[in-house]
Structure formats: C-alpha cells, structure tokens
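Descriptive analysis of the structure
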Amino acid sequence: MPHEIPPRTGVAFTLGKGQRLVVIDPRGEQVADLLAYNRTDVGEVISASRTFDYANKIYLSTGDKIYSNRSNILLEIVEDEVGRHDFLLTPCSKDTFRIIYGDTDPHRGCFGNLAAALVPYGITQDMIPTAFNVFMNVPVDGETGAIRVEPPRSKAGDKTVFVAHADLVIGLTACSALQSNNGSFKPIHYSIE
Ligand SMILES: [Zn+2]
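Described below are features of the structure shown in this document. This one's a predicted model, so the numbers in the text were calculated from it and none came from an experiment.

**Description of the side chain of Asn113**
Relative to the assigned elements, Asn113 resides in helix H3 (residues 109-118). The exposure class of Asn113 is buried, given its relative accessible area of 4%. Within the structure, the side chain of Asn113 is placed 3.0 Å from the backbone oxygen of Arg8, a separation counted as a polar contact. In contact with Asn113, other than residues within four places in its own chain, are Arg8, Thr9, Gly10, His107, Arg108 and Ser176.

Encoded structure:
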C-alpha cells in the first residue's frame, strides 16, 4: 500500500541510491511539491536553473534528469503518466497566501510544511529552493513569458516515477494552494520501491 500525505501537509524521508519514488495523484488534479537533498551533505539540493540549462527546456518528463546546485544528477524521471510538471514557481507559503490570495491568517503552505518536515535532517528554511512541482500545470507564453497556473492534467491514479542517483533526503507535500489544485485540497500518495 502507498503512503498517504493528507491534504495541505508534507513529509520528509530518505531515498537510497537506485530506489524508485512513485508519486501518485489518487483523486486527480492535485500537485505535490518535491525536494531532494544529498543525504551525505544537505548543502547539495535540486536546482531548477541548472536543470533547465542542461535540458534546454523547462518541461521535464520521462528520461529527463534533475540536477543539483553542484551539477550532479539527483533524480531522473523514469515513468510519467501525466507529462506536465512545473519547476518555475516557489513552494506556496504564508507569503503566497498573503500576497496573491489576500489571506489575513494564512496557512503555512508547502514551504512551511517542507521546512517543518526537514528539521530532523538539519535542513533550514533558507536551504529550500524552488521545488519540482509534480503535476503542476504552468503554461508559458513563449513570446511574452507570461505564465498562468492551470488545473493539473493528472487524472485519478496517475503517477510519475523518479529514480534516485544518490542517497537522498526527500521532501514531499500535498500542495496547499487552491489555484494550483483546481480549487480543492486533496491527498497525495507515494511509495518507495
Ligand atoms: Zn503548495
């Protein structure tokens, strides 16, 4: 049975080199923010800009590799039933909800959930980069660079599978932002193989 991440929460766990992380959207249209750190030196973490640089594109899917801030491969996508993920936008946070949604008592969001879950691994808030946002759908206008957040393309039961290229600490959430998840908060499932 897969593990369940309840709506608007997050977890952290270790993933060994060669193990597969299966991220499942059990109900459809739900985003999961994913972080990966080198377990032996958590100063090494996934880097969107380096990954884009080496991939020559911003949408990643099967066969694409996620590089670190030290240009090592930390994760590779080996199966993908959705084919659209985001690696541009920061994890949702108190500030997201205050600035974009106008909330006066904002939820801590994926950022707060990740920060809390990663404490036992010696990872602090300032060590959290742009997450790989599994199932998040952010179309980009190629001329103007304008971006929109659209409903995820994931349907109930769809999954994306990553393989670890190093021993890792993983952070993973069921995203807390209404806009990213087509207006409702749902769980995320994951399993390690
Ligand atoms: Zn989020």
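**Some remarks on the layout of surface pockets**
The calculated volume of the largest pocket comes to roughly 210 Å³. Around the largest pocket, the lining is made up of 15 residues, and of these Thr90, Cys92, Thr96, Met136 and Ser180 lie nearest the centre. Looking at the lining of the largest pocket residue by residue, the classes come out as nine nonpolar, five polar and one charged.

**With respect to the side chain of Asn38**
Here Asn38 lies in strand E4 (residues 32-38). In terms of polar contacts, Asn38 uses its side chain to reach the side chain of Thr40, at 2.7 Å. The residues touching Asn38, leaving out its near neighbours within four places in the chain, are Glu44, Leu74, Asp167 and Leu168.

**Observations regarding the packing of aromatic side chains**
Inspection of the entire model under this criterion finds six aromatic pairs. A centroid spacing of 5.7 Å and a plane angle of 85° characterise the contact between Phe52 and Phe87, whose relative ring orientation is edge-to-face. Here Phe52, found in helix H1 (residues 48-55), pairs with Phe87, found in the loop between strand E6 (73-80) and helix H2 (94-99); they are 35 residues apart in sequence, far enough to count as distant. Taken individually, Phe52 and Phe87 each receive the classification buried, so the pair is uniform in this respect. Among the aromatic residues, those joined into a ring-pair cluster are Phe52, Phe87, Phe132 and Phe162. The residue whose ring lies beneath Arg8 is Phe185, and the NZ or CZ to ring-centre distance is 4.0 Å. Seen from the ring of Tyr59, Arg84 lies directly overhead, with NZ or CZ sitting 3.8 Å from the centre.

**What about the sheet that holds strand E7 (residues 132-134)?**
With respect to topology, four strands assemble into an open sheet ordered E2-E9-E4-E7, the strand pairing being antiparallel. This sheet does not close on itself; its edge strands, each paired only once, are strand E2 (10-15) and E7. Across the sheet, the axes of successive neighbouring strands diverge by a mean angle of 25°, strand direction being ignored. Relative to strand E9 (residues 168-173), E4 runs antiparallel, the two sharing five bridges. Looking at E9, one finds that Leu35 is bridged to Gly171. Across the sheet, H3 is in contact with E2, E4 and E9; its angle to E9 comes to roughly 145°.

Criteria and cut-off values
Residues numbered from 1 in each chain as written. Predicted model: local features only at pLDDT ≥ 70, side-chain atom pairs only at ≥ 80, totals over all residues. Heavy atoms only, no water. Helix = DSSP H or I, 4+ residues; strand = E, 2+ residues; numbered from the N terminus. Buried < 20%, exposed > 50% of the residue type's maximum accessible area, 1.4 Å probe, protein only. Polar contact = N/O pair within 3.5 Å; in protein donor to acceptor, adjacent residues only side chain to side chain. Contact = heavy atoms within 4.5 Å. 1 Å grid on protein atoms, 1.4 Å probe; cavity = no way out; pocket = protein on both sides within 12 Å on 5 of 7 lines; lining within 4 Å. Points joined across faces, edges and corners; volume = space filled by probe spheres on them. Nonpolar A, V, L, I, M, F, W, Y, C, P; charged D, E, K, R; others polar. Phe/Tyr/Trp six-rings, centres within 6.5 Å; stacked < 30°, edge-to-face > 60°. Lys NZ or Arg CZ within 6 Å of the ring centre and 35° of its normal. Pairing = 2+ DSSP bridges. Axes fitted to C-alpha atoms, helices over the stretch in contact; angles between N-to-C directions.

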